[in-house]
Structures are given as C-alpha cells and as structure tokens.
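Here is how the chains run, residue by residue.
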Number of protein chains: 2
Amino acid sequence: MGVSLKDVALRAGVSLRTASKVVNGSPHLRPATRERVLRAVDELGYRPNLTARHLRSGRTGLITMAVPDVARPYFAELAGAVIETAARYGRTVLLDHTGGSYERELTVCNGARSHLADGLILSPVRLAEEDLRARADQAPLVLLGGGEYRVPYDHIAIDDVAAARTAVRHLASLGRRRIAFVGASDDRARREADLRLRGWREELAAAGTVPSTALVAATDGRGRQDGLAAMTRLLARQRSRGRPVPDAVFACNDQLALGAMRALAQHGLRVPEDVAVVGFDDTEEGRYAAVSLTTIAPDTSAIARLAVTRLVERISWDGASPPPAPVRITPGHTLVVRESTTGRSGTGRAPPRPAAPAFEPAAPAHAFAGCQSRQPPVARGTV
Amino acid sequence: MGVSLKDVALRAGVSLRTASKVVNGSPHLRPATRERVLRAVDELGYRPNLTARHLRSGRTGLITMAVPDVARPYFAELAGAVIETAARYGRTVLLDHTGGSYERELTVCNGARSHLADGLILSPVRLAEEDLRARADQAPLVLLGGGEYRVPYDHIAIDDVAAARTAVRHLASLGRRRIAFVGASDDRARREADLRLRGWREELAAAGTVPSTALVAATDGRGRQDGLAAMTRLLARQRSRGRPVPDAVFACNDQLALGAMRALAQHGLRVPEDVAVVGFDDTEEGRYAAVSLTTIAPDTSAIARLAVTRLVERISWDGASPPPAPVRITPGHTLVVRESTTGRSGTGRAPPRPAAPAFEPAAPAHAFAGCQSRQPPVARGTV
DNA sequence: GTGAAAGCGCTAACAG
DNA sequence: CTGTTAGCGCTTTCAC
C-alpha cells in the first residue's frame, strides 16, 4: 500500500540510511546521490510516515487543547489563536471537548491521549486542586484560566476577581446602585464563575452596599439562551416581589450579557439608559452588537502565545538541565467601555472601537525565553 | 522513561503477548493471569503508547479537519459538531487552519499530515476542481461546502445558489426592490461567495429586475468589520451618485450581515423598516441580535454527522469489497424568518425562535450504512 | 491459553 | 560520505 523509505532507497539504489538523510535534508551528501533519491521520491510518490518517525523520536509534534466547547465564542477565538501560534512552532493542535464536565476534564488531564500528544493545554472549569495533584500523566500541562491553583504546573490566568471588581466599579461609578450578577454557578463548582461572583460581592461591599442574593442569577450553561432566561427570571422575581428592577447587570461572559440584553429589551428596558450592562471576554460579537457591549478584555492573544510557548519549552526540555520551574502568569486585562454602559456618547454613531491594545506582559524575546514575571492586572478605561 | 508493555509482562511474569491481550480486553484468558497483569499495569502506571499501536495497525484514529478559521462562528459551530460526532466514533479531531488561502488549502489537501490522520474533512474556499483531481494523497477525503466539484470524493454541500435565491425571493416578496449583495469575492476565487452571488443575480433576473453591479459590495474577509466597511462604502457610493439607498441587503454570511446592520444604524437607517436584512448560516449570534437576523439555516448538524460518517466508513473500508462510491450529498437548508426582515410582528417581543428543525436528509440507520440519496434543497418559511 | 519471533517505517549508532 | 544493524512499543502470525 504505502510506499516506504525502503522502496525509495531500493529504487534509487542507495541504502535506507542515505535515503533517510536526503529526506531529512541532512547536508554532506553527494549532489548526485541526493538527486537520485529525490527523483525516486517523486516517481514513487513517497510520503514520510509521521507515525513511525514519532515512535522513533518519542515526540509527535501534537498538542492537545481541551476546552469546554469550541462553539463558544471565547474558546473559538482562543483556540484559533492557539492553533496559529502552534503552527508557527511546527505543532498541530488536537482539539478536545470537555463539555465543562468534571469527569471529562479528569479524563483529559489524566492523559486520555497518552503518548499521542506531547503536551496538554487545558481550560479547566470544575477540576479541583487535588485532582491536578493526583494527576496520572507525565506529559507537560499548561492550565488556562480558572483562578488560583496551587499545583506544580504552568498556569496562565487573568485575575478574575480583580477584573470583576473593575467591571462593577465602572458600573458603580456611573451611579448604578442595583447591580445584578448574571451567570453564577448553580453548584458553585464552576471556578471562574465563582471568582467573578466574588469580585462582584467584594466590590459592592467595598462601596458600602450589601450584596443582595436577590440580584444574583445562576445559570446552567454559559450561552445566550442562559443569559436570556436568567435575566427574565430575575426581572420577574423582582417585580413579583414589588422590588425595583436592577439598574445594571454584570454578566459572567459576553454571551450571557447579550442574552440578558435581549431579555431587557423584551421587558421594555433600554440599555444603557435603564440598565447598564457589562460583559466579560471581549468576544468580537459584543463589539458589533446593536448596542455595543462594554466588557472586560483579557489579553487573549498573549494567553494563547504564552500557553504554546510554555508548553513547547517544556516539551523540548533536554532532560538534563534543571527542569523549568512552573510559573503562574497573570496576563493583563482591560475594561473596554462601549455603548452598553455609556451610550452613544461623544462620537455619536461611531463604529464600535476595537478593544484597546490590551496590557502586554513582558514577552519572551525568543521562543524559549521564560516569562515568569507576575504582572498585576491592569484596568484601563477606553472612551 | 515510559513504562512499556514489556515491563508489565515482566512484572506479571507473563509473556508480552499475554499482557497485550489483557490490555486489549481479549477473552480466553485465565482470570488469575488477567488479574496479575492488571495489577502490574496499575502498580507500574502503564499507559499504552498509541503511537506504537498506530504504527502497527496503520491507523491513528485521528481525523484532520481543515477550515479557514475556527474563530469564525460558523466554523466554530461546525467544528464543535464534528468533534462531538467524531468522539462518538472514537476518533479525535486535529484542527487545521487554511486561512482561506489557496496555497494552504492545497497543502492540506495534498497530505500535510501524511499518515498522521486517517482522513481529512476539508472546507475548501478557493481550491479548484483540477487541484483536487491532482491530489497527491490517498487518505480518504470529505469535502464540505463550496458548490459543485466534479471529483471522485465525498462531497457534502447545500445548494448555495438555491439558498441564495430563496433569501432574495423572501426579500422581494416583502416588496423590496433594491436588494444589495454584501460579501462578493474580490477576485471571484471564493467559490461559495460566487455561488451565492449567482443566486442573487438569478433570482433578481427571474423577478424581472436587472441586477445592478452598483448594489454589489465585495469584501476582503468574511467578518463583521468587513460587512460594516462594505455597507458603509456602498451607502456612500449610492448617495454620492444621487442614487437611492438599497431597501434590502442579502449578505453572504451572518457576520457580514451583522456588520452591515451596524453600518445601517450609523447612517440612521432602521432595520427592517428602511432596509431589510438577510444573512446566511444561522449562527447563534444572529438569533440573539437586538434585531434578530433572518437567515438561511444550513442543516449544520447533519453536515457534521454525515461528514464524519462518510469519512469513518471510508477509513474502515476493508479493502476487499468494492470501494464505496463517492457521493454528493445536498443537505437541506431552511429560511428562518426573524425580525430583520419582518420586524417584531405578531408575537411582539417574543424571544427569537430557535431555528426551525431543518430538513433532515435520509440518515444512515447505523454507523456505516451509506447515505447516497441526493436530496433537493428545501426552503421553508418560519413565521 | 500462552510463549517466541517477526516486523510496522523510521532514525541513530556504529562501522567501513 | 555511505551502508549495516538495532531497536522505538506494539500487535500478530505462528507454534507449543
């Protein structure tokens, strides 16, 4: 079936070794020999068998990336950036879904693709510290997001609590007092949601308000439909109790925010006049919404770049020198102010601004330079 | 470093063969033996080396999926569906970007990942028929979208021309007469854009209108920004010439449509009162837009399912029986009518409807049953 | 039921 | 500079 290097060597009248060298572009070969082998390769339509090469070298050039669901805009954009970066390092990305399920996260982290990929980039949602500690796979792992983990793995995550506080502070600074939170986790097992909720709570407390649980709406999922449903429920609940409706919403991500905005419109509430809305992630969708969405913009491209860089560094560790120490990197985030909080101010109907260039952590000068600096989150208004 | 089956066998005091059998769950083994091996596996923390297994079996269990860019919502949703389906068949998806570039499409189709993946699912944008004919890789290939290709490969694509005509007909039926097209291909090399443009042209001609090139806006990319820019240009051009502004827009995809809507708002034009808008793809984003987007909904989940099914069938072909004939499958599409063409009619502020259940082509009864029926595209209003 | 041996396609030691 | 020889870790004929 497949034509192997042996066939090529035979045809070219050289040894296997020589053919191998030609194919791998080794120098020190008589041009005539090289020529002959190359011709044989062409005539036979030889294609190197990567699997065999990998078995020999112990490396596959593959990286597994595991996210809850690529169909979710944030992860689609993140995965896209990771794929591009990985390609620049000659790596291919194997994309896995965890569905945000604890079991599937555990499976992936314990090497579902054992020996297939050289390393793993994981966006854990529910995985706990002890699960990672008990990890039964030795392939390099880089964690993305999800707050604090005291584990011996590289971990790249913005400061969710601080970011949430920035968002809430922005709303408070606009004079909003009844700031709702959309997208809490039902069972509190969703780490990220929990951190952002904590930020909401802390900032309100700091402002002297008592955070009311009546203003917290939990959701099952993370999609637009979930945001719409949660907001609808929250409004109904408040009204049925004769309580005033919130005058601001901080949503756990952009899609929840957009869904919530849909619900607000259905109830005749205007954004931002009646209710100001802030999202999280700065997905492109929010930038072009009819009322463009104010949001927290994590430095996604830095996250992707750092994830790949760290992983590749670990994969290509020579095994001799002291192993690279696990790092905790906190990329910057930015508050991007758009119409959903300040309306069509100033420039009137200007196109939605692209996100302000997000904070750039000190980047490795070249491929394998480390980036161990811990950067404080930076919040910056963009008007 | 890694612990191999040999180590396990040694530890359990059995032969390699036996250990292999246990690991692969073969029957006919003395329970005691099995027990002993399993214990050794546990104690040593053995993980099978998939690369080696693959080298031996000639199969890797991997499927490459190549799309222009997963960050684009349609491809994110499609890739998500493919990943889920593939997982059900025990396959893993290796995701590649082509960037919609001709060269990269060519590279991928000619087996950039030779022998690494068992098969390829490709969404070609610019690849021509002759490129596919001259394909230098024998791994099974399933094509997705992009109109007609007279090539010996499975090809799953809705009828773009008919779908576009349906969209335009809908606009015409609402009394719109100056129907613009947003998202034409600059160099006509983008097959899909060209087909949809043709549909626009044909339907207008059928309605007795002369399609005016002044109403066609080409774009470089396929994103929201491109739609916004194109629409802005088109409006400026029309106005500068003292020509009336269009009263409807058919965009080549949802993101272009959403960008165009942003531009219309900036020019003080209301949707749908002044300008009705129809998109293409039925990405979730359009369903929750402030003015929800009327669109053409391809049966994405059927496309994903069929793609994986066909590919797996070909991969597991025994080599003996007559090879499965290449099929051309035309999944259904649906016109989903939402607010961007008919406003908040009837139900007032009802939530945007989920897409109507799209037409379902006769599906394989079980995993490997063929689905060779050629289904006519079905357009169905959903009010 | 279990063991020995061959080999998937390739690369890395060694010789020559 | 090139050829010969071992394996990488696994499955799979074959014997026993």
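This is a predicted model, so every value here is computed, not measured.

Concerning the overall build of chain A
Along chain A, the regular secondary structure elements total 14 helices and 12 strands. Here chain A, with 383 residues, has 55% of them falling under the buried criterion. Within chain A, contacts between residues at least 6 apart in sequence are counted, and of these 70% link residues at least 24 apart. Working note: accessible area of chain A is about 15,500 Å², and carbon and sulfur atoms make up 52% of it.

Concerning the interface of chain A and chain B
Every contact between the two is made by 54 residues of chain A and, on the other side, 55 residues of chain B. Contact with chain B buries area across many residues of chain A, yet R47(A), R262(A) and Y288(A) alone supply 16% of it, more than any other trio. Taken together, the links from chain A to chain B amount to 6 salt bridges. Listing elements by their share of the side of chain A that touches chain B, those giving two or more residues are α4 (50-57), α5 (73-88), β2 (92-97), α10 (224-240), α11 (254-266) and α12 (284-287) of chain A. Grouping the amino acids of the side of chain A that touches chain B by side-chain chemistry returns 25 nonpolar, 16 polar and 13 charged.

Looking at the environment of S15(B)
Here S15(B) shows up in the loop between α1 (5-12) and α2 (16-23). Along the backbone, S15(B) and D42(B) are 27 residues apart, and their C-alpha atoms lie at a distance of 17 Å.

Some words on the protein's contact with DNA strand D
Among the 23 residues in the neighbourhood of DNA strand D, the closest are listed as T18(A), R56(A), L5(B), R17(B) and Y46(B). The separation between a phosphate oxygen of DNA strand D and a polar main-chain atom of L5(B) is 2.5 Å. Contributing elements (two or more residues each) for the surface near DNA strand D: α2 (16-23) and α4 of chain A together with α2 and α4 (50-57) of chain B. Among the residues making up the surface near DNA strand D, the classes are represented as 8 nonpolar, 8 polar and 7 charged.

Some remarks on the packing of aromatic side chains
Counted according to the given criterion, the structure contains 8 aromatic pairs over all chains. Between F181(B) and F250(B) the ring centres are 5.7 Å apart and the planes differ by 70°, which places this aromatic pair in the edge-to-face class. Placement of F181(B) in strand β6 (residues 179-185) and of F250(B) in strand β8 (residues 248-251) is noted, with a sequence separation of 69 residues between them. Using a relative accessible area of 0% as the deciding quantity, one classes F181(B) as buried. Judged by its relative accessible area of 0%, F250(B) falls in the buried class. An aromatic cluster of three or more residues is present, and its members are F181(A), W200(A), F250(A) and F280(A). Across the ring face of F280(A), the terminal group of R196(A) is positioned such that the distance to the ring centre comes to 3.5 Å.

Points about the packing of helix α1 (residues 5-12) of chain A against α2(A)
Each packed pair of helices is defined by two parameters, the angle between the axes and the distance between the axes. Residues and elements named next belong to chain A. Running from amino to carboxyl end, α1 crosses α2 at an angle of 105°, the nearest separation of the two axes being 8 Å. If you check the angle between α1 and α2, you find them roughly perpendicular. Facing α1, whose interface residues are L5, K6 and A9, α2 presents L16, A19, S20 and V23. Across the contact of α1 with α2, the residue classes break down as 5 nonpolar, 1 polar and 1 charged.

What about the side chain of R196(A)?
Residue and element names in this part refer to chain A. Turning to its location among the elements, R196 is positioned in helix α9 (residues 191-206). Overall, R196 belongs to the buried group, its relative accessible area being 5%. A polar contact is formed between the side chain of R196 and the side chain of D160, at a distance of 2.7 Å. Leave out the neighbours within four places in its chain, and R196 touches D160, A164, F181, F250, C252, F280 and D281.

Comments concerning the relation of the copies chain A and chain B
Taken as rigid bodies, chain A and chain B are interconverted by a rotation of 180° and an axial shift of 0.0 Å, the fit giving an RMSD of 0.1 Å. Here the transformation between the copies is reduced to the relation of a two-fold axis. Proximity to the rotation axis, assessed at the C-alpha, singles out L94(A) in chain A; its C-alpha lies 2.2 Å from the axis. A shared binding surface is used by both copies, with 100% of the interface residues of chain A retained as interface residues in chain B.

Remarks on the sheet that holds strand β8 (residues 248-251) of chain A
Within a sheet, each strand pairs with its neighbour through backbone hydrogen bonds, oriented either parallel or antiparallel. All names here are of chain A. Pairing is mixed across the open sheet formed by 6 strands, whose spatial order is β7-β6-β8-β9-β10-β12. Only two strands of the sheet have a single partner each, and these edge strands are β7 (216-219) and β12 (333-336). Neighbour-to-neighbour, the strand axes of this sheet turn through a mean angle of 20°, independent of strand direction. The pairing of β8 with strand β9 (residues 276-280) spans 3 bridges and is parallel.

Focus: the pattern of salt bridges
Inspection of the entire model under this criterion finds 46 salt bridges over all chains. The residue D274(A) makes a salt bridge to R270(A) at a minimum N-O spacing of 3.1 Å. Notably, a salt bridge pairs R133(B) with E129(B), separated by 3.5 Å at the nearest N-O pair. Taken together, the residues R133(B) and E129(B), both in helix α7 (residues 129-133) and 4 residues apart, mark about one turn of the helix.

The rules behind the values
Residues numbered from 1 in each chain as written. Chains lettered and ligands numbered in written order. Predicted model: local features only at pLDDT ≥ 70, side-chain atom pairs only at ≥ 80, totals over all residues. Heavy atoms only, no water. Helix = DSSP H or I, 4+ residues; strand = E, 2+ residues; numbered from the N terminus. Buried < 20%, exposed > 50% of the residue type's maximum accessible area, 1.4 Å probe, protein only. Contact = heavy atoms within 4.5 Å. Areas by Shrake-Rupley, 256 points an atom, 1.4 Å probe, with all protein chains shown as cover. Buried area = accessible area lost by both parts, 1.4 Å probe. Salt bridge = Lys/Arg side-chain N within 4 Å of Asp/Glu carboxyl O. Nonpolar A, V, L, I, M, F, W, Y, C, P; charged D, E, K, R; others polar. Near = heavy atom within 4 Å. Polar contact = N/O pair within 3.5 Å; in protein donor to acceptor, adjacent residues only side chain to side chain. Phe/Tyr/Trp six-rings, centres within 6.5 Å; stacked < 30°, edge-to-face > 60°. Lys NZ or Arg CZ within 6 Å of the ring centre and 35° of its normal. Axes fitted to C-alpha atoms, helices over the stretch in contact; angles between N-to-C directions. Parallel < 35°, antiparallel > 145°, perpendicular 65-115°, else oblique. Least-squares fit on C-alpha atoms with pLDDT ≥ 70 in both. Pairing = 2+ DSSP bridges.

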